[in-house]
Amino acid sequence: MSELNLLPTPDEDDLRSTVAGFLAKRCDTAAIRDMYDGDRSAAGPVWRGLAGELGLAALLVPEELGGAGASAREAAVVLEQVGGSVAPAPFLTSAVVATTVLLAADATDAARDLLRGLAAGERTAALAVPFSAGSGGAVPTMAAEGDRVSGQATSVAGALEADVLLVPVAADGGVAVLAVRAADATVVPVESLDMSRQLADLSLEGAAGEVVVPAGAGAAAIDRALLTGAGLLASEQVGVAAWCLLTTVAYLKERRQFGRVVGGFQALKHRLADLYVAVESANAAARYAAAALAADDADAELAVHLAASYCGDAAVQAAEEAVQLHGGIGMTWEHPAHLYLKRAKSAQIALGAAGAHRDAIGRLVDLPAPD
Amino acid sequence: MTEQLTREDLRRRVAGLLAENDPQATDRLAFLRARYDAGLAWVHYPVGRGGLGLPREWHSDVERQLAEAGAPDNEPRRIGIGLGMAAPTILAFGTPEQQERFLRPLWTGEEVWCQLFSEPGAGSDLAGLATRAVRDGDGWIVNGQKVWTSSAHTARFAILVARTDPDAPKHRGLTYFLCDMTDPGVDVRPLRQLTGEAEFNEVFLTDVRIPDSQRLGAEGEGWKVATATLNNERVAIGGTPMPREGGMVGKVAADWRAHPEARTHDLHQRLLRLWVEAEVARISGMRLRQKLAVGRPGPEGAAMKLTFARLAQHLSGLELELLGEEGLRYESGRGWEMVRPDKVDFTGRDAGYRYLRAKGNSIEGGTSEILRNIVAERVLGLPAEPRTDKDVPWKESVR
Ligand SMILES: Cc1cc2nc3c(=O)[nH]c(=O)nc-3n(C[C@H](O)[C@H](O)[C@H](O)COP(=O)(O)OP(=O)(O)OC[C@H]3O[C@@H](n4cnc5c(N)ncnc54)[C@H](O)[C@@H]3O)c2cc1C
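These figures come from a predicted structure and were not determined experimentally.

**Q** Quick question: what am I supposed to make of the overall build of chain B here?
**A** Of regular secondary structure, chain B possesses 11 helices and eight strands. For 399 residues, the compact-globule estimate of 2.2 N^0.38 gives 21 Å, and chain B sits close to it at 22 Å. Once the C-alpha set of chain B is aligned to its principal axes, its extents read approximately 65 × 50 × 45 Å. Residue burial in chain B is summarised as follows: out of 399 residues, 55% are buried. Contacts in chain B between residues at least 24 apart in sequence constitute 71% of all its contacts with a sequence separation of at least 6.

Below you can see the structure in the form of structure tokens.
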């Protein structure tokens, strides 16, 4: 068994600088802050740029469907940058989670058509389940009569940006997934903890749906998508954590009190050293998950739960330290630290909480809970 | 040319070694010497020095293949200081003659090494050390006292840092030596540890003579050489390649599986958290080694060692709680009896021993506080600790 490569390849380094360059120019923190006051105008251009101009929505789509035929490794590179700039882009929800549902082995021709549209950056999809839902659990389903879908889904991420919703439906032979036009659903924006990834409540009343994953294969397809999502969300969390660490260290090298640079006080140096260790560890865990997913390695499931349980906490730790160590300015609306805190805390709950991922590890490695 | 060796070539080379030296029929030492001479001791070392100049991470292939064939190993726990600290320093700073003389018997375990760095007055502040080395013809005369010296009682040689210029500021007046522990001026006395054993010692050096040919690096360059040793030490302590559940976490996991009656929700939550952290640390080590495949360990090794120490302590503490009544007993090995072990084994003996021995992990090789300073200053670039002694001649500095 050869060891998974945890270092970026030259191509991945190129991709990183392309995405970083784009986001530095086109994703402005002031505009993200405005999203909390109801101005969502920043969201469209960022996503159009990432998906359309840079073609990143095509990463996980195979070449024969007009995709880039890349892997989870490349998606992880993008997500790390997305996290580093709290970009309001539905890359995770559309280009990773929804795309993975449509990539299921049993997916229909309609799914393949949809994948072409996603890859081209012409369409955006969202899986209609609460953002807190993780793999391994029962998926909340809607009801269908023929091809007419009715039901509700709350706290769905990426739905505001999506033009197509992937809806799990309880069918006779098991769960199926149907694609429904977002325009045929009632999509109500939710005042969310993280407005840079604003949630929505969905309500469908006899909306027309098209089967993308047939009955019986839906649960597995969704599970795989939620697992992949959690594994790659870890890279976004690493991006958040790394930004917080860097920004805080830079600030503490400048800020003076008691006639000294505050970053020279040992109490703070030690906290930052511990944070550095946590961020580096999270980085390794996230890369391992991405590499294992990309290689379809036998260890992939464990690798995902490991990264998901570790990186979520590390990002929250980093964001909380960033606020505290900036002092009063860290508490302001003006300073971007809160954007990262809100992203980190929401992401920690998303796609399965850390405790759920640890429980899954307990089952996978034979460390059973007490009877 | 060795650069063209593939992993497959390496595999064949190991098979060749095994074919020519049947491990079941060959004397242990003869086998180890043959392995060294075949460049299979540490494949990332240069040709002629027990290696083949190959990437560091290929080495585990060799270990695996030899272990499968039942080949004897060089008992790394007995010679950890030689392998992890003395050898990389001799490789980096030694003359060809020094490398030729010392590396082979070091690796085969014929000559055990110890580390004469710490002193009663100089621990974290190692550069303040007071042991003196004075020029005497083609050699040096050393006087002073060292302390906490692991394996001094089994060692044939020591890496030693001594002050050669008391008029220079403290970091600049040091020189690094290779010291013969059989010199009549070397007096080793056991120091009993909280485990009951005496793994470390105090070492008195009285008119010890060291030929100048056993100086490592230039006169006055001792701090630079010692820093290389310490960086390697941290990687050696915190960054050794491990299989999943290798080390302390494996012990606790095994106990969890063996004792269903002892399971509680509290222990389960803590175990899973620590299991995750240990596995993430293992993967971080893997990533660090991939990064270092070409380079030398830098301050990042300090981060690995910080995590290693914390986890070893938390895991061994959890293990005692998990064992309940059994955790109250301290019986394995020879209980509290004072023995002088010939190897350092963090995961040896029973859970009580492991718990106590792990306390040393955040002290030896640089305390966790000092390592945090190193990470903060050398990795994150935060300001250094305020100090009064940096540019003053050592002999005038406040100690
Ligand atoms: C099991 C074991 C094996 C050892 N083996 C060897 C060996 O083989 N060879 C060898 O040379 N040495 C060895 N040592 C010694 C070890 O390197 C020293 O103990 C260590 O460097 C600390 O020095 P000290 O004991 O003098 O503590 P001190 O330096 O006196 O430290 C006391 C406390 O103060 C803290 N402290 C000191 N300075 C600072 C600072 N600037 N900022 C914040 N906190 C600070 C320390 O972290 C510690 O908690 C061993 C130690 C142990 C425990």
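Having seen it, we continue.
**Q** So what exactly am I meant to see when it comes to the pairing of strand β1 (residues 113-116) of chain B here?
**A** Two faces, one strand: in a regular strand the side chains alternate between the faces of the sheet. Residues and elements named next belong to chain B. What you see with β1 is no split at all: Trp113 and Gln115 on one side and Cys114 and Leu116 on the other are buried throughout. For β1 and strand β4 (residues 157-163), the ladder comprises four bridges, and the chain directions are parallel. Residue pairing for β4: glutamine 115 is matched across the bridge by isoleucine 159.

**Q** Looking at this model, I keep getting lost on the packing of aromatic side chains. Mind explaining?
**A** Aromatic rings in a pair are described by how distant their centres are and how their planes are angled relative to each other. This model, assessed by the stated rule, comprises 13 aromatic pairs over all chains. Judged by centre distance (3.6 Å) and plane angle (0 degrees), the rings of tryptophan 243 of chain A and tyrosine 340 of chain A are stacked. Separated by 97 residues along the polypeptide, tryptophan 243 of chain A in helix α7 (residues 218-254) and tyrosine 340 of chain A in helix α10 (residues 337-349) bring together distant segments of the chain. Ring plane angle 15 degrees and centroid distance 4.0 Å describe the contact between tryptophan 42 of chain B and tyrosine 45 of chain B, whose orientation is recorded as stacked. A relative accessible area of 5% places tyrosine 45 of chain B in the buried class.

**Q** I tried to follow the interface of chain A and chain B on my own but got confused; where do I start?
**A** Size of an interface, as often reported, equals the accessible area lost when the parts are brought together. Contacts between chain A and chain B engage 42 residues on the former and 42 residues on the latter. Taking both partners together, chain A and chain B bury about 3800 Å²; carbon and sulfur atoms supply 65% of that area. The interface formed by chain A and chain B contains seven salt bridges. Put simply, aspartate 366 of chain A and arginine 257 of chain B hold a salt bridge, and the shortest N to O gap is 3.5 Å. The tally of links between chain A and chain B comes to 19 residue pairs in polar contact (both at pLDDT 80 or more). Looking at the side of chain A that touches chain B, the elements that each hand over two or more residues are α7, β9 (260-261), α8 (266-294), α9 (300-325) and α11 (354-364) of chain A.

**Q** Before we go on, may I ask you to explain the site of the ligand in this structure?
**A** Lining the immediate surroundings of the ligand are 19 residues, of which Ser118, Ser124, Trp148, Thr367 and Glu369 of chain B lie closest. Surrounding the ligand are residues belonging to chains A and B, so the site spans chains. Contacts to the ligand include serine 118 of chain B, whose side-chain N or O atom sits 2.8 Å from a nitrogen atom. One nitrogen or oxygen atom from the side chain of serine 124 of chain B is found 2.6 Å from an oxygen atom belonging to the ligand. In isolation the ligand has 970 Å² of accessible area, and contact with the protein removes 69% of it.

**Q** Help me understand the side chain of serine 151 of chain B in this model?
**A** All names here are of chain B. Structurally, the position occupied by serine 151 is in the loop between β3 (139-150) and β4. The buried category is assigned to serine 151, whose relative accessible area is 8%. Setting aside anything within four residues of it in sequence, one finds serine 151 in contact with Trp113, Cys114, Glu199, Asn201 and Val344.

**Q** Just to check I follow, could you spell out empty space enclosed by the protein for this structure?
**A** A probe matching the size of a water molecule, rolled over the atoms, marks out where space remains unfilled. Residues and elements named next belong to chain A. Under the defined criterion, the tally for this structure stands at five cavities of 30 Å³ or more. In this structure, the largest cavity occupies an estimated 140 Å³ of space. Taken together, 16 residues form the lining of the largest cavity, with Arg73, Ala76, Val77, Arg287 and Ala290 sitting closest to its centre. Of all the secondary-structure elements, those providing two or more residues to the lining of the largest cavity are α1 (10-26), α4 (72-84), α7 and α8. With five residues, α8 is the single largest residue contributor to the lining of the largest cavity. Looking at the lining of the largest cavity residue by residue, the class counts come to eight nonpolar, three polar and five charged.

**Q** In this structure, what is going on with the confidence of the model for chain B? I would like to understand it.
**A** The predicted structure's coordinates, where accompanied by low pLDDT, should not be read in detail. Looking at chain B as a whole, its pLDDT mean stands at 93, while 97% of the residues score no less than 70. Interface confidence for the predicted complex, given as ipTM, is 0.96, next to a pTM of 0.94.

**Q** Help me understand the environment of phenylalanine 131 of chain A in this model?
**A** Residue and element names in this part refer to chain A. Relative to the assigned elements, phenylalanine 131 resides in the loop between β1 (125-127) and β2 (142-145). Residue classification places phenylalanine 131 among the buried positions, given a relative accessible area of 12%. Sequence-wise, phenylalanine 131 and isoleucine 349 are 218 residues apart; in three dimensions their C-alpha atoms are separated by 8.2 Å. Residue contacts for phenylalanine 131: discarding those within four places in its chain leaves Leu92, Ser155, Ala157, Arg197, Leu199, Ala350 and Leu351.

**Q** Could you clarify how one ought to interpret the environment of threonine 95 of chain B in this entry?
**A** Along the polypeptide, threonine 95 of chain B turns up in the loop between α4 (80-93) and α5 (96-108). Spatially, the C-alpha atom of threonine 95 of chain B lies 31 Å from that of asparagine 21 of chain B, the residues being 74 residues apart in sequence.

**Q** Whenever I open this one, the nonpolar core confuses me. Can you help?
**A** The nonpolar side chains of soluble globular proteins are, as a tendency, buried together. Judged by nonpolar contacts, the single largest core of 158 residues is most densely connected at Leu50, Phe91, Leu166, Val212, Leu232 and Leu272 of chain A. When residues in this core are grouped by element, the largest group, 18 residues, is from α8 of chain A. In this structure, leucine 272 of chain A is in contact with Leu245, Thr248, Val249, Leu252 and Leu325 of chain A together with Leu380 and Leu382 of chain B, ignoring residues within four places of it in sequence. Formed by 30 residues, the second largest nonpolar core is a distinct cluster that contains Ala41, Met85, Trp107 and Val161 of chain B.

**Q** I keep staring at unusual backbone geometry and nothing clicks. Help me out?
**A** Generally, phi is negative for residues other than glycine and the peptide bonds are trans, each holding for most cases. All names here are of chain A. One non-glycine residue, phenylalanine 258, adopts positive backbone phi at about 55 degrees. Relative to the elements of secondary structure, phenylalanine 258 occurs in the loop between β8 (256-257) and β9. Of the residues examined, phenylalanine 258 reaches a relative accessible area of 76% and is grouped as exposed. Of note, leucine 351 is a non-glycine position whose phi angle comes to about 55 degrees, a positive value. Tracing the sequence through the fold places leucine 351 in the loop between α10 and α11.

**Q** Even after reading the chapter, I still don't get helix α2 (residues 28-37) of chain B, so can you show me in this structure?
**A** One turn of an α-helix holds 3.6 residues; hence residues three or four places apart share an orientation. Among the residues of α2 of chain B, those classed as buried are Phe31, Leu32, Ala34, Arg35 and Tyr36 of chain B. Immediately downstream of α2 of chain B, the backbone of glycine 39 of chain B shows phi near 80 degrees, a positive value.

Definitions and cut-offs
What you see as residue numbers is a count from 1 along each chain, following the sequence as written. Just so you know, chain letters begin at A and ligand numbers begin at 1, following the order they were written in. Residue-level local features of this predicted model are given only where pLDDT is at least 70; pairs of side-chain atoms are given and counted only at 80 or more, and the full residue set underlies all totals for whole chains, interfaces and linings. Just so you know, side-chain values use all the structure's heavy atoms and leave hydrogens and water out. Helix and strand assignments come from DSSP, with helices taken as H or I runs of at least 4 residues and strands as E runs of at least 2, each series counted from the N terminus. Only C-alpha atoms enter the radius of gyration, while the globule expectation follows 2.2 Å times N to the 0.38, with N the number of residues. The classification of residues rests on relative accessible area computed with a 1.4 Å probe and restricted to protein chains. Under 20% of the type maximum is buried, over 50% is exposed, and intermediate values are partly exposed. Contacts are assigned to residue pairs that have any heavy atoms within 4.5 Å of one another. Two strands make a pair as long as DSSP finds a minimum of two bridges between them. For Phe, Tyr and Trp, rings pair up if their centres lie within 6.5 Å, where Trp contributes its six-membered ring, and each pair is then called stacked (planes under 30 degrees apart), edge-to-face (over 60) or tilted (otherwise). What counts as buried area is the accessible surface, traced by a 1.4 Å probe, that two parts surrender upon association, with contributions from both included. Basic side-chain nitrogens of Lys or Arg form a salt bridge, by our definition, when they fall within 4 Å of a carboxyl oxygen of Asp or Glu. The term polar contact refers here to a pair of N or O atoms within 3.5 Å; inside protein, the definition further demands a hydrogen-donor-capable atom paired with an acceptor-capable atom, and it admits residues adjacent in sequence only when both atoms are side-chain atoms. A single heavy atom is enough: if one lies within 4 Å of a molecule or strand, its residue is considered near that molecule or strand. Method for areas: the Shrake-Rupley scheme with a 1.4 Å probe, in which residue coverage is limited to the protein chains shown. Computed over the protein atoms alone on a 1 Å grid, cavities are sets of points where a 1.4 Å probe fits but cannot get out and pockets are open sets with protein on both sides within 12 Å along at least five of seven lines; a residue lines them when it has an atom within 4 Å of a point. Grid points are joined across faces, edges and corners, and a volume is the space filled by probe spheres set on the points. Under the grouping applied here, Gly and all other residues not named as nonpolar or charged are polar, the nonpolar ones being Ala, Val, Leu, Ile, Met, Phe, Trp, Tyr, Cys and Pro and the charged ones Asp, Glu, Lys and Arg. The predictor attaches a confidence to each residue, and that confidence, scored 0 to 100, is pLDDT. We call a set of buried residues a nonpolar core when its members are Ala, Val, Leu, Ile, Met, Phe, Trp, Tyr or Cys and they connect through side-chain atoms within 4.5 Å of each other.

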